[in-house]
Amino acid sequence: MSETNEPAVRQAIATLSQSDPIPKLLQQVKLGKMKPTDAGLRAITEAWLGTYQKIIETGQGFDRATLRRLDPAPRLDVLIEAGVLTGDHAAVAALRKAFEQALAGAK
């Protein structure tokens, strides 16, 4: 990974972490205090997916190693497994496609 990408990837990770539903809200689902279909959880998850896609699409200059650090697949898998998202959800498909395209076009 190029040294010039490090500040950008750190900023991307920080931005994604701010709205990530997994650390706090997914725990509420696992404890039964919130349903996977809860409207608030859905809204936060949708916003997070949009932010994630925007970061991937606008991360010009990210090389393959940097993009691999931002791979959404593990986080999507956790949300799908918990029933918060489905694999065929439009925003999930769009994020996966954006990531694959970015990875294909990266150096």
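The structure we're discussing is the one just above.
If you're wondering where the values come from, they're calculated on a predicted model, not measured in any experiment. (Residues numbered from 1 in each chain as written. Predicted model: local features only at pLDDT ≥ 70, side-chain atom pairs only at ≥ 80, totals over all residues. Heavy atoms only, no water.)

Some thoughts on the overall build of the protein
So, point 1. Regarding its fold elements, the protein presents six helices and zero strands.
So, point 2. The N-to-C order of helical and strand elements in the protein reads α-α-α-α-α-α.
So, point 3. The C-alpha atoms of the protein give 14 Å as radius of gyration, which agrees with the globular expectation for 107 residues (13 Å, within 12%).
So, point 4. Principal-axis analysis of the C-alpha atoms gives the protein an extent of 45 × 25 × 20 Å.
So, point 5. Looking at the protein as a whole, 36% of its 107 residues qualify as buried.
So, point 6. Partitioning the intrachain contacts of the protein with sequence separation of at least 6 by distance along the chain shows that 72% fall at a separation of at least 24.
So, point 7. Looking at the protein as shown, the accessible area adds up to about 6,300 Å², and 54% of this sits on carbon and sulfur atoms.
So, point 8. Both charge centroids of the protein, one from 14 positive and one from 12 negative side chains, sit 3 Å from each other. (Helix = DSSP H or I, 4+ residues; strand = E, 2+ residues; numbered from the N terminus. Rg over C-alpha atoms; globule rule 2.2 N^0.38 Å. Buried < 20%, exposed > 50% of the residue type's maximum accessible area, 1.4 Å probe, protein only. Contact = heavy atoms within 4.5 Å. Areas by Shrake-Rupley, 256 points an atom, 1.4 Å probe, with all protein chains shown as cover. Lys, Arg positive; Asp, Glu negative; His and termini not counted. Charge placed at Lys NZ, Arg CZ, Asp CG, Glu CD.)

Here we look at the packing of helix α2 (residues 22-30) against helix α5 (residues 73-81)
So, point 1. Direction vectors running N to C along α2 and α5 enclose 20 degrees, while the axes themselves pass 11 Å from each other. Judged by the inter-axis angle, α2 sits roughly parallel to α5. Classified by chirality, the crossing of α5 by α2 is left-handed. Of the residues in α5, those touching α2 at Ile22, Pro23 and Leu26 are Arg75, Val78 and Leu79.
So, point 2. Across the contact of α2 with α5, the residue classes tally to five nonpolar, no polar and one charged. (Axes fitted to C-alpha atoms, helices over the stretch in contact; angles between N-to-C directions. Parallel < 35°, antiparallel > 145°, perpendicular 65-115°, else oblique. Left-handed = near helix turned anticlockwise from the far one by under 90°. Nonpolar A, V, L, I, M, F, W, Y, C, P; charged D, E, K, R; others polar.)

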